[in-house]
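Close look at the chain arrangement
One-letter residues, chain by chain:
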Number of protein chains: 4
Amino acid sequence: MYSFKNDYSEGAHPRIIEALTKTNMEQTVGYGLDEYCEKAKKRIQDIIGDKKADIHFFVGGTQTNQTAIAAFLKPYQAAVSADTGHINVHETGAIEATGHKVVTCRARDGKLTPVLIDKIIREHTDEHMVQPKLVYISNSTELGTVYNKEELTAISMYCKEHDLYLYMDGARLAAALASGKTDLTFCDIANLTDAFYIGGTKNGALFGEALAILNDTLKKDFRFMIKRQGGMLAKGRLLGIQFLELFTNDLYLELASHADQLSMKLKDGLIKKGYQFVSDSYTNMQFPIMSNETIKRLKKDFLFEEIESLDEENTVIRLVTSFATKEEAVEHFIKKL
Amino acid sequence: MYSFKNDYSEGAHPRIIEALTKTNMEQTVGYGLDEYCEKAKKRIQDIIGDKKADIHFFVGGTQTNQTAIAAFLKPYQAAVSADTGHINVHETGAIEATGHKVVTCRARDGKLTPVLIDKIIREHTDEHMVQPKLVYISNSTELGTVYNKEELTAISMYCKEHDLYLYMDGARLAAALASGKTDLTFCDIANLTDAFYIGGTKNGALFGEALAILNDTLKKDFRFMIKRQGGMLAKGRLLGIQFLELFTNDLYLELASHADQLSMKLKDGLIKKGYQFVSDSYTNMQFPIMSNETIKRLKKDFLFEEIESLDEENTVIRLVTSFATKEEAVEHFIKKL
Amino acid sequence: MYSFKNDYSEGAHPRIIEALTKTNMEQTVGYGLDEYCEKAKKRIQDIIGDKKADIHFFVGGTQTNQTAIAAFLKPYQAAVSADTGHINVHETGAIEATGHKVVTCRARDGKLTPVLIDKIIREHTDEHMVQPKLVYISNSTELGTVYNKEELTAISMYCKEHDLYLYMDGARLAAALASGKTDLTFCDIANLTDAFYIGGTKNGALFGEALAILNDTLKKDFRFMIKRQGGMLAKGRLLGIQFLELFTNDLYLELASHADQLSMKLKDGLIKKGYQFVSDSYTNMQFPIMSNETIKRLKKDFLFEEIESLDEENTVIRLVTSFATKEEAVEHFIKKL
Amino acid sequence: MYSFKNDYSEGAHPRIIEALTKTNMEQTVGYGLDEYCEKAKKRIQDIIGDKKADIHFFVGGTQTNQTAIAAFLKPYQAAVSADTGHINVHETGAIEATGHKVVTCRARDGKLTPVLIDKIIREHTDEHMVQPKLVYISNSTELGTVYNKEELTAISMYCKEHDLYLYMDGARLAAALASGKTDLTFCDIANLTDAFYIGGTKNGALFGEALAILNDTLKKDFRFMIKRQGGMLAKGRLLGIQFLELFTNDLYLELASHADQLSMKLKDGLIKKGYQFVSDSYTNMQFPIMSNETIKRLKKDFLFEEIESLDEENTVIRLVTSFATKEEAVEHFIKKL
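Residues numbered from 1 in each chain as written. Chains lettered and ligands numbered in written order. Predicted model: local features only at pLDDT ≥ 70, side-chain atom pairs only at ≥ 80, totals over all residues. Heavy atoms only, no water.

All names here are of chain D. In the contact formed by helix α2 (residues 35-48) and helix α10 (residues 237-246), the axes pass within 7 Å of each other and the chain directions differ by 40°. Classified by the angle their axes make, α2 and α10 are oblique. When you trace α2 past α10, the crossing you get is left-handed. Taking contact as the criterion, the partners of Y36, C37, K39, A40, R43 and I44 in α2 are, on α10, R237, G240, I241, F243 and L244. (Axes fitted to C-alpha atoms, helices over the stretch in contact; angles between N-to-C directions. Helix = DSSP H or I, 4+ residues; strand = E, 2+ residues; numbered from the N terminus. Parallel < 35°, antiparallel > 145°, perpendicular 65-115°, else oblique. Left-handed = near helix turned anticlockwise from the far one by under 90°. Contact = heavy atoms within 4.5 Å.)

Have a look at this one:
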């Protein structure tokens, strides 16, 4: 039984484990104020090209989204999201738990555009409605699609004109950047957003997300929010050590590249056998449509998620590759189609 | 420079690291539904003598307290705590963040009693005040003291009579149980409380707390709450693997025993030199009163926290030992006094 | 300048003012525990045919919805609403402010159906998503439409089968019941819902909504929630006195009948002149489509709300009648079309 | 049976009722944007000597405190209050409901001082604790005491130096200003605080509190918060009309003067009979200590609250006078002592 269920089925890349083992018995101060975290923060500032960026480490993505959005918004303000957005669907109301509405629109391929955002902004006219203030996008999206520089620039410009924050959920940012289908760089993203996070959990770390806050007005007292939301790791260095390793010798993009390539191999195999897809993904998730019969057969050898029943006979499934996915497994899957 | 600042200065006990390394490339399902978590849950059920207990793993203590208390209480209900309680002082309002007041009283040695609780219950008479519904105690307390069986039974009986939940914060439960100063066992605690947690972070795990919910009425849908609060770890097995190891061959109490013994060695050394203490602790934290001059001198070689300035010349400090504390370091400290 | 902007442009029906004046200098206890409130509660229990119903008075509708929904739901549970629902659009996130998501679907004429609800229920499968638990409907709806007995029974049955609460926002319940287009009675609604409120503000009271809680499991400690949400009126009797008067000699339905009849007169006038409508309303709100030119002209003599711009030349407006609307004003409006 | 239970036992001063009656059938826009509210706001701006002050009307005090404090604070910030403060004791956790801790200290006569506040500020040192940011004081206090100009200036200066907001709960501000025991004026309070409210409910209005926001940084988008908290009255003019009347021909202070004088008459009568008091109040509440026997006897003719049982034989009671209290009732009470 091989799992294409998600990109967090295994532990961490061996280099991460080694780094943790090597430093294990050292004494450091707690809560992310240690030297490893400091170094990792500087490394990330260099990579994103903003030495003034505030970097904060979190254990998981929902926690990152929840803490950041709750910190950035005033109580009556709302986040704008595609209806497929992770904060809208798969976080059990974690944003609403902090008192904020998520306002949504239907979005092609899971991607927002200035036109979609503008419709929402125009509808919210006065104090009887929430005030949309933060635009939430995922990159790569929940459907595996990616933003290119022109698209992100357009959203960024719209946000600046309308005094909105632009926040990027980068749980699978590595997969986007390594896909070869975007001209965006870390530096571009830092230039175009107010805050974004670099996902580690879904790209080879045991756990960990690195939030970069670029907008100066959002930086103050942020550590109070982390603690208040229950997100401050006692042995905070575990996050610093992991990100330091991920950003040594380009390991971060290398791992994503591996995942993306095997995902494309899956895609090619599926295309050759005539399967259709819900979205045109070049990252580490594929969403083919399969007959329920085929699904039943494949489930004897593979784990994967069924996303949506299309009709009585066909279902969308999700296949996810990761830093740890084995080429043989992909080949085996294609053979079994 | 040696640190007595806290019990999370190092990584994990080597056996924990080994267990994580050994299982690292296995595939498992996410979110704590894997076999390691299942085994760890069963192991803990056995140890606490309640096969029906619901066990949930968390990354940290504030998160555990916040999630459990928010799950157990109705919006208008409050937690009762000693004024020194972690939820009252050191969680940046994490309980209030979920909408609940923490009602406090001054408590000798950080310990609640039925008399102290009763005063609060009597004062809260109607719907113009919050309704105290959950009694929060820490064991060992924030001052290093411990509850014995008679004391916990008295509180438990009071709670049952007044329809209150009893919740024990066990961030340093190991240090309490290993101290030789309590007749309480895991089974007693499971019998006498509605929920409690077994702390891993401060006793040799990289991170991790195991919450046991004993009261059936508090069990339903608890995983929804974990996710909503941002506390559901994607690679949940990391928690299962660690707790399984901690509860193999009694490692858990062995580690605490080491910490407690070195703490007592510190205490004896301090007593011999004539120091006085804020509390009479037999666990892994000592709170001696020192002249500011002495503190300044010791800080050349040691890290520790200054807790409270007593007057212009004297300050309470906190010395914490852990599974990793070295006997030589303790001896060195005493010599330097 | 005559206003068709809403049904709360005037003060109260003169009988309400008289009742308040007459009792003004009497002494009563505060917070709705006085004799007038007691009498009004009993009167309402009689009218809805449930002597065990808990009746609570509120000053306004948003407050009622917010307090009731926050009281009924556990933190991770959500309300299901039509996308046009007042709690979704026009309460500035008051439900989310209490930590709960509002899950929505597009609904014809602002009305939910079992099919629409079922789609949402099926999509919410596990603890990674909120748990839909309460179905929110408005009657009459925000588009002026009403539920009949068969429709409400179908929703009620669906809710019972799926362990959902059914909650009816009755801000304009009077307009629905007086419309002649529903066979629903107060007793039916009390039989078919878990809770609903009887709106006073929009039907001749100075202010006031009467919440009826029918489901026993939702009754406990509700006054704590009212106070916590800031909704407990010191001189609570003002609410009791008003509802007592509204439910004396059928004043409540009489006032709504007046409003509905003048609304129908408006509708007839509009139809005769060839206007089209967004919804087929028989209650006190009409939603005709008008050219922007006509709107500009009418605005010289009348106040009303523009609801939605349909295209560059046409806009949906809202015309609202009330207990106080004058027949001449309606006639004048029609003449001016 | 005559009630000294509180200052909201009756309806409103007859002039208020007249004003409401006279304007009853006029049409106005909703939500406090009508002419009466505008006039009342200007009148209050004149009286407090700040033409730039933002004035917002609320129905009740808990709602005002909750909305203002939640609007002013960031999520991790706390309010500082005397332990007797209304927000700490008698609002069923309404502040915590919005996510904020109330940090308290024991305070003589219910009054805060820079020394008391400073102790709290010093104890809150880092991001592991809430950040105290707003100082909450009541004037007159919950014990009937008042601040003078020197005292308020000292607190105000401390707050400015430490970047804290100063907020005054003026539920019984009239009673303070009319007491003859303070040199404070409305203008002083507007100069020395960041926001305060002028209570109407407890001084002759049917209901109503007027919040004045003086600090420019706290003014933005405040109406969004009112709506979000469920506090926006549809027929908002009811508040404007009442405050306009209260501030016509000095009615506001005249009513309080009446209440204070009768309270002093009660006090004198009690002193003459040898009773002792918990606080030295010159406003409309007296807190004498009485034997339980006397209390039992008085309860045959009078309603009042028992505040605290001092020992087995003695209890503190609260006697409250109001705009409507009759001199004969006071004389009757003294006679019955």
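Residue and element names in this part refer to chain A. When the domains of chain A are assigned, the result is domain 1 (2-7 + 252-336) and domain 2 (14-246). Listed per partner, the contact involves 18 residues of domain 1 and 25 residues of domain 2. Summing the contributions of domain 1 and of domain 2, the shared interface buries around 1,800 Å²; its carbon and sulfur component is 60%. It is D7, Y252 and T283 in domain 1 that bury the most area against domain 2; as a group they hold 37% of the surface buried on that side. One can count 1 salt bridge joining domain 1 with domain 2. A salt bridge links D7 to R172; the nearest nitrogen and oxygen atoms lie 2.7 Å apart. The tally of links between domain 1 and domain 2 comes to 9 residue pairs in polar contact (both at pLDDT 80 or more). When residues of the side of domain 1 that touches domain 2 are assigned to their parent elements, the largest contribution, 6 residues, is made by helix α11 (residues 251-272). Its residues assigned to classes, the side of domain 1 that touches domain 2 shows 9 nonpolar, 5 polar and 4 charged. (Domains from an automatic or database assignment. Buried area = accessible area lost by both parts, 1.4 Å probe. Salt bridge = Lys/Arg side-chain N within 4 Å of Asp/Glu carboxyl O. Polar contact = N/O pair within 3.5 Å; in protein donor to acceptor, adjacent residues only side chain to side chain. Nonpolar A, V, L, I, M, F, W, Y, C, P; charged D, E, K, R; others polar.)

We now examine unusual backbone geometry. All names here are of chain B. Of note, the bond from N139 into S140 is cis; its omega dihedral lies within 30 degrees of zero at -5°. You can see S140 is positioned in the loop between β5 (131-138) and α6 (149-161). Here the phi dihedral of D163 falls at roughly 60°; this positive angle occurs in a residue that is not glycine. When you line up the elements, D163 lands in the loop between α6 and β6 (165-169).

Moving on, we get to the relation of the copies chain C and chain D. Superposition record for chain C on chain D: RMSD 0.0 Å, screw rotation 180°, translation along axis 0.0 Å. Overall, the copies show the geometry of a two-fold rotation axis. Here 100% of the interface residues in chain C have copies in chain D that are interface residues too; the copies meet face to matching face. (Least-squares fit on C-alpha atoms with pLDDT ≥ 70 in both.)

Every contact between the two is made by 45 residues of chain C and, on the other side, 45 residues of chain D. In total, about 3,900 Å² of surface goes out of reach between chain C and chain D, with carbon and sulfur atoms giving 56% of it. On the chain C side of the contact with chain D, Q27(C), R228(C) and K235(C) bury the most area, a combined 18% of that side's loss. Viewed at the interface, chain D and chain C are joined by 0 salt bridges. The interface formed by chain C and chain D includes 26 residue pairs in polar contact (both at pLDDT 80 or more). Broken down by secondary-structure element, the contributors of at least two residues to the side of chain C that touches chain D are β1 (2-3), α1 (14-22), α3 (61-72), α9 (222-228) and α10 (237-246) of chain C. Class assignment of the residues belonging to the side of chain C that touches chain D gives a composition of 21 nonpolar, 16 polar and 8 charged.

To continue, consider the sheet that holds strand β4 (residues 102-105) of chain A. Residues and elements named next belong to chain A. With mixed pairing, 7 strands are arranged side by side in an open sheet as β2-β8-β7-β6-β5-β3-β4. The open sheet terminates on both sides in strands that have one partner only, identified here as β2 (54-58) and β4. Each strand of the sheet is rotated relative to its neighbour by a mean of 25°, with strand direction disregarded. With respect to the sheet, helix α2 (residues 35-48) is in contact with β2, β7 (195-199) and β8 (209-213), its orientation differing from that of β2 by roughly 120°. (Pairing = 2+ DSSP bridges.)

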